[in-house]
Amino acid sequence: MASSQALEALGHAVSGSFGTAASTAALAPLDLVTTRLKVQRQLDDHAQYAGIVDAFRSILKTEGFATFYSGLGTDVTKSIIDSFLFFGFYNFLRQRSGKSPSVLREVALGALAGAASKACTAPLSNVVARRQMTPSEDDTQTVRQVLKDMYREGGVGALWAGYSATLVLTLNPSVTMLLNRRLAERVIPMIEEEVDVPVAWIAFLLAALSKSAATALTYPFQTAKTRLQIPNASSDEEDGDEEDEENGKRRKKRKTLLARLVAALDRTIFGMIVRLVRTEGLRALYDGMEGELLKGFFSHGLTMLAKGFFHRLVIRMWIMSHPRLKAD
């Protein structure tokens, strides 16, 4: 029983990794465009885009086609590791929790699995974000060099910049998995009985809709996370220059626990959201959301479609390589 559970968890982890890698590579241009749309307000030295179509045209015209795939290798590697850990943790925890966990428990399991997997890949995620803001012809640094630069700029904390947002965004995959599972349990049996439609395509649509719904709910946190990942932003530099003297005086006058808590909160995802609303307005939290919804629709749909194929393949290969399992 234990070996079959381990095989199931391993099958989901491996197939999920291959599925995520395929969708990440396919949607790399859209991912780069949405990243730039999220941070364009705070970067004066970058072009300002009117929307997704304008961003695609401008990048293609001024920077070339190769720019759309800046940091792709690192992104695919991060996605494979992240997905392997998430699907592995999620299925292992779900099997341990019983046959039918409650809705809240299922969301909690997904959040816990997401937090654990993102903690391992946060530095790579920050490397990808930096490379997507760099024209491909100037993108000559290795991953190791970028990590060294990040460490030199802000210490160990810089490697995990935006992880506070990740803890909130762990709700995204868990909500996605929850919606996808619940919809699949109700919709697929009905369609199999009444409509002659391939189940794979129904699974694709359900997964895509689930991801889009979860993305819309958590998008402000995604914007704030991206802002935290991009260093030396012009708006932050200006605010920092003006506030340096005031902060210095405040530190001399009072080093109370409350002041320290406020300063720490300002460097978190919640502090960034408050700052964005105060300085740029509520609309800034939703810059590029249409691109993220489009990416989420195709990303999770392609991931789950490919995952189903690779999962069956992994299980078959495992059984073929272990004849004893056939006899059992």
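Residues numbered from 1 in each chain as written. Predicted model: local features only at pLDDT ≥ 70, side-chain atom pairs only at ≥ 80, totals over all residues. Heavy atoms only, no water.

A. Molecular detail of the overall build of the protein. Looking only at helices and strands, one finds 15 helices and zero strands in the protein. The proportion of buried residues among the 328 residues of the protein is 44%. Here the contacts in the protein between residues at least 6 apart in sequence split such that 80% fall between residues at least 24 apart. (Helix = DSSP H or I, 4+ residues; strand = E, 2+ residues; numbered from the N terminus. Buried < 20%, exposed > 50% of the residue type's maximum accessible area, 1.4 Å probe, protein only. Contact = heavy atoms within 4.5 Å.)

B. Representation of the pattern of salt bridges within the structure. Summed over all chains, the structure comprises eight salt bridges. Among the salt bridges present, the one from Arg152 reaches Asp149, with a minimum N-O distance of 2.2 Å. Within this pair, Arg152 and its partner Asp149 are both found in helix H6 (residues 143-154), separated by three residues, close to a single helical turn. Owing to a relative accessible area of 60%, Arg152 belongs among the exposed residues under this scheme. Given the relative accessible area of 16%, Asp149 is considered buried. Among the ionic contacts, a cluster of salt bridges with common partners joins Asp31, Lys38, Glu292 and Lys295. (Salt bridge = Lys/Arg side-chain N within 4 Å of Asp/Glu carboxyl O.)

C. How the structure looks around the confidence of the model for the protein. On average, residues of the protein score 75 in pLDDT, and 74% of them are at 70 or above. At the level of individual helices and strands, the protein shows its lowest average pLDDT in helix H11 (residues 234-253), which scores 48, and its highest in helix H3 (residues 52-62), which scores 89. Across residues 233-243, confidence stays below pLDDT 50; counting only partners more than four residues off in sequence or on other chains, it has ten contacts. (pLDDT = per-residue confidence, 0-100.)

D. Spatial organisation of H3. Within the span of H3, buried status applies to Ile52, Ala55, Ser58 and Ile59. All buried residues of H3 project into a common sector of 130° when viewed along the axis, lining one side. Summarising the geometry of H3, the exposed residues directed more than 90 degrees from the buried face are Val53, Arg57 and Lys61. (Arc of directions from axis to C-beta.)

E. The packing of helix H2 (residues 28-39) against H3, seen in detail. It is at 10 Å that the axes of H2 and H3 come closest, and there the two elements cross at 105°. Considering the angle they form, H2 stands roughly perpendicular to H3. Between H2, through Pro29, Leu30, Leu32, Val33, Arg36 and Leu37, and H3, the contact on the second element is made entirely by Ile52, Ala55, Phe56 and Ile59. When the residues that make up the contact of H2 with H3 are grouped by side-chain class, the tally is nine nonpolar, no polar and one charged. (Axes fitted to C-alpha atoms, helices over the stretch in contact; angles between N-to-C directions. Parallel < 35°, antiparallel > 145°, perpendicular 65-115°, else oblique. Nonpolar A, V, L, I, M, F, W, Y, C, P; charged D, E, K, R; others polar.)

F. Representation of the environment of Arg131. Mapped onto the elements, Arg131 comes out in helix H5 (residues 103-132). Between the C-alpha atoms of Arg131 and Tyr69, which are 62 residues apart in sequence, the distance is 9.6 Å.

G. Layout of the nonpolar core. In terms of nonpolar packing, the biggest core is built from ten residues, these being Ala165, Val168, Leu169, Phe221, Ala224, Ile269, Met272, Ile273, Leu276 and Leu285. Looking at this core, the elements that each hand over two or more residues are helix H8 (163-169), helix H10 (199-229) and helix H13 (269-280). When residues in this core are grouped by element, the largest group, four residues, is from H13. In contact with Leu276, other than residues within four places in its own chain, are Thr223, Ala224, Arg227, Gly281 and Leu285. (Core = buried A, V, L, I, M, F, W, Y, C linked by side-chain atoms within 4.5 Å.)

H. Spotlight on the environment of Ile230. Topologically, Ile230 is positioned in the loop between H10 and H11. The buried category is assigned to Ile230, whose relative accessible area is 7%. Separated by 100 residues in the primary sequence, Ile230 and Arg130 place their C-alpha atoms 6.3 Å from one another.

I. Focus on the side chain of Thr74. Turning to its location among the elements, Thr74 is positioned in helix H4 (residues 72-97). Beyond its immediate stretch of four places on either side in the chain, Thr74 contacts Leu124, Val127, Val128, Arg131 and Val143.

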